[in-house]
Amino acid sequence: MAPRSRLEKTLFRLQAQHACLAWAFQAIEGRPGVVAELGLGHGRTYDHLRNLLPDREIYVFDRANDAYPDCRPPDQYLVLGDVKETVPVLYDKLGGKVVLANTDLGSFDKASNRAVAAMVSEVLPPLMAPGGIVMSDLELNLPDYERVPLPAGAPADAYCLYRKPA
Ligand SMILES: C[S@@+](CC[C@H](N)C(=O)[O-])C[C@H]1O[C@@H](n2cnc3c(N)ncnc32)[C@H](O)[C@@H]1O
C-alpha cells in the first residue's frame with residue numbers, strides 16, 4: 001500500500017479528531033470538569049469545542065494567538081507561551097480538574113514530534129481528572145492510562161485516545 005501522503009495525513013487527522021471529539025463529548029457527559037485544548041492554531045478545534053460544549057470552561061494553550069478573529073478564546077482562557085512552561089503554572093488552579101484534553105501540537109517534523117510527545121506526556125497528567133479523556137495527534141507515553149480504541153469514523157492510527165482510571 002502507498003504511504004499516506006501529506007494530504008491524507010492531514011485529512012485523516014482531522015477526520016479522526018472530529019470522530020474522537022464526538023465520542024469524547026458523550027464519554028464526559030455528566031462528569032464535572034474543564035476542557036484543555038493544547039494547540040490553538042487557527043482556532044478551528046476550539047470553535048468546535050465551544051459550540052458543542054457551551055457550558056464547559058475551555059482553557060486553550062499555544063505559543064501565540066494565530067486564531068481566526070471569530071475563533072479567539074476570551075483572554076482569561078487563553079494561555080500563551082510554550083506549554084512546557086505554561087501548563088505547570090496552572091497546576092494549582094486546574095490540577096485534577098481537566099475532564100477532556102485535546103493535544104494537537106504535532107507537525108511534519110518527526111524529531112520535533114518525538115520531543116513534543118515526551119514533553120506533553122510529562123506536563124499533562126497532573127491536570128487530568130479521574131476518568132478524564134486525553135485525545136492526541138501524537139502517541140503519548142501514559143502508562144497508567146487505558147488506551148481507548150478509536151471510534152467508528154476515525155481512520156486507523158490517525159489519532160490517539162486515552163482514559164485516566166477513575
Ligand atoms: C496543528 S496546529 C493546531 C491546530 C488547531 N487544532 C486548529 O484547530 O487550528 C499546532 C499548534 O500547536 C502550537 N504548538 C506546537 N508546539 C507548542 C508548544 N510547545 N507550546 C505551545 N504551542 C505549541 C503551534 O504554535 C500551532 O499553533
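So, how was this worked out
- Residues numbered from 1 in each chain as written.
- Predicted model: local features only at pLDDT ≥ 70, side-chain atom pairs only at ≥ 80, totals over all residues.
- Heavy atoms only, no water.
- Helix = DSSP H or I, 4+ residues; strand = E, 2+ residues; numbered from the N terminus.
- Rg over C-alpha atoms; globule rule 2.2 N^0.38 Å.
- Buried < 20%, exposed > 50% of the residue type's maximum accessible area, 1.4 Å probe, protein only.
- Contact = heavy atoms within 4.5 Å.
- Areas by Shrake-Rupley, 256 points an atom, 1.4 Å probe, with all protein chains shown as cover.
- Lys, Arg positive; Asp, Glu negative; His and termini not counted.
- Charge placed at Lys NZ, Arg CZ, Asp CG, Glu CD.
- Near = heavy atom within 4 Å.
- Polar contact = N/O pair within 3.5 Å; in protein donor to acceptor, adjacent residues only side chain to side chain.
- Phe/Tyr/Trp six-rings, centres within 6.5 Å; stacked < 30°, edge-to-face > 60°.
- Lys NZ or Arg CZ within 6 Å of the ring centre and 35° of its normal.
- Core = buried A, V, L, I, M, F, W, Y, C linked by side-chain atoms within 4.5 Å.
- Axes fitted to C-alpha atoms, helices over the stretch in contact; angles between N-to-C directions.
- Parallel < 35°, antiparallel > 145°, perpendicular 65-115°, else oblique.
- Left-handed = near helix turned anticlockwise from the far one by under 90°.
- Nonpolar A, V, L, I, M, F, W, Y, C, P; charged D, E, K, R; others polar.

An unreviewed UniProt entry annotates the protein chain as Class I SAM-dependent methyltransferase of Flaviflagellibacter deserti.

## Topic: the overall build of the protein chain
When helices and strands are tallied, the protein chain shows five helices and seven strands. Ordering the α and β elements of the protein chain from the N terminus gives α-β-α-β-β-α-α-β-α-β-β-β. Computed over the C-alpha atoms, the radius of gyration of the protein chain is 15 Å, within 12% of the 15 Å expected from 2.2 N^0.38 for a compact globule of 166 residues. On the principal axes, the C-alpha backbone points of the protein chain span a range of 50 × 35 × 30 Å. Residues classed as buried in the protein chain amount to 46% of the 166 residues present. Contacts in the protein chain between residues far apart in sequence, at least 24 positions, make up 64% of those at least 6 positions apart. In the structure as shown, the protein chain presents an accessible area of about 8900 Å², 52% of it carried by carbon and sulfur atoms. Positive and negative charge centroids in the protein chain, built from 18 and 21 side chains respectively, lie 3 Å apart.

## So, the site of the ligand
Residues in close proximity to the ligand total 16 residues, the closest being H42, T45, D62, V83 and D104. G39 places a polar main-chain atom, nitrogen or oxygen, 3.4 Å from a nitrogen atom of the ligand. If the ligand stood free it would expose 610 Å²; the protein chains cover 84% of that surface.

## Some remarks on the packing of aromatic side chains
Under the counting rule described, the total for this entry stands at one aromatic pair. Seen from their ring centres, Y59 and Y77 are 5.0 Å apart, and the 70° between their planes marks the pair as edge-to-face. One end of the pair, Y59, is in strand 2 (residues 58-62); the other, Y77, is in the loop between strand 2 and strand 3 (78-80), with 18 residues separating them in the sequence. Residue class for Y77 comes out buried when judged on its relative accessible area of 18%. Here the basic side chain of R6 rests over the ring of F108, its NZ or CZ set 4.1 Å away from the ring centre.

## Looking at the nonpolar core
In this structure, F61, V98, L124, M128, V134, L140 and Y162 are the most contacted members of the largest nonpolar core, which totals 28 residues. Those elements giving two or more residues to this core turn out to be strand 1 (34-38), strand 2, helix 3 (83-89), strand 4 (98-103), helix 5 (110-123), strand 5 (128-136) and strand 7 (160-163). Counting residues per element, this core draws most heavily on helix 5, at five residues. Beyond its immediate chain neighbours, meaning those up to four positions away, M128 contacts G96, K97, V98, V99, A101, I133, V134, Y145 and K164. I28, A67, V99 and I133 belong to the second-largest nonpolar core, a separate cluster that totals 26 residues.

## Considerations on the packing of helix 1 (residues 6-27) against helix 2 (residues 44-52)
Two numbers describe how helix 1 lies on helix 2: the axes approach to 12 Å, and their chain directions differ by 25°. Classified by the angle their axes make, helix 1 and helix 2 are roughly parallel. Handedness of the helix 1/helix 2 crossing: right-handed. Across the interface between the two elements, Q17, H18, L21 and F25 of helix 1 pack against T45, H48, L49 and L52 of helix 2. Among the residues forming the contact of helix 1 with helix 2, the class breakdown is four nonpolar, four polar and no charged.

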